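Listed below are the residues making up each chain.
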Amino acid sequence: MQALAAGLRLAAAHYRARTLQPTPQVRNVVSLMNGKYKWIVNESRRLHEAGVTPAICDKILYEHAIELCQMAAIEELFGDMKECERRYMSAQVLLHSLVQRHPLHPQHRTTLSKYRDAVQRRLNCLKGPRKIMDVKLEAGIS
């Protein structure tokens, strides 16, 4: 929600400064962001009214991030690198957002930071070695 709100504020500021042209693509992206923002606000209200605490929401996000990492590893194993990277990036965003939460126990913040950094290192490895492997395959080196 914070990322979408920041993106919408940035778009509005650039529009007012006339540095962002309201092309159909820009309108589409801003509309999509606005729709997602409103959906998140409504879901947050619904969860709050149902008595779901922020701690439970954080746990759900954490578990989803871990599941994304596990699915990414499977995608990597089967060679679907595009989907693998997408899942790792989504997990990284979720873990980063959890690290930014306040209040958060320092030990939890440290653990989440380690997980987030590990996902980032994995993404970096996926981008680098693939090029090396492509060169090796082209050269006939196994």
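Residues numbered from 1 in each chain as written. Predicted model: local features only at pLDDT ≥ 70, side-chain atom pairs only at ≥ 80, totals over all residues. Heavy atoms only, no water.

Take the UniProt feature "domain: ATG1-like MIT" (unreviewed entry) in the protein chain next. Under the local residue numbering, the UniProt record ascribes the feature "domain: ATG1-like MIT" (unreviewed entry) to residues 55-126. Helix and strand shares over residues 55-126 are 88% and 0% respectively, and the end C-alpha atoms of the span are 33 Å apart. (UniProt positions renumbered as here; feature names shortened; annotations may be inferred. Helix = DSSP H or I, 4+ residues; strand = E, 2+ residues; numbered from the N terminus.)

To continue, consider the environment of Thr111. By the secondary structure assignment, Thr111 is in helix 5 (residues 106-139). For Thr111, a relative accessible area of 31% translates into the label partly exposed. Put simply, Thr111 and Lys38 are 73 residues apart on the chain and 31 Å apart in space, counted from C-alpha to C-alpha. (Buried < 20%, exposed > 50% of the residue type's maximum accessible area, 1.4 Å probe, protein only.)

Moving on, we come to the domain arrangement of the protein chain. As far as domains go, the protein chain holds domain 1 (1-52) and domain 2 (53-130). Distance from the C-alpha centre of domain 1 to the C-alpha centre of domain 2: 23 Å. (Domains from an automatic or database assignment.)

Viewed as axis vectors pointing N to C, helix 1 (residues 2-16) and helix 2 (residues 24-49) meet at an angle of 140 degrees, and their least axial separation amounts to 9 Å. Handedness of the helix 1/helix 2 crossing: left-handed. In this structure, helix 1 contributes Leu4, Ala5, Gly7, Leu8 and Ala11 to the contact, and helix 2 contributes Val30, Met33, Asn34, Lys36, Tyr37 and Ile40. (Axes fitted to C-alpha atoms, helices over the stretch in contact; angles between N-to-C directions. Left-handed = near helix turned anticlockwise from the far one by under 90°. Contact = heavy atoms within 4.5 Å.)

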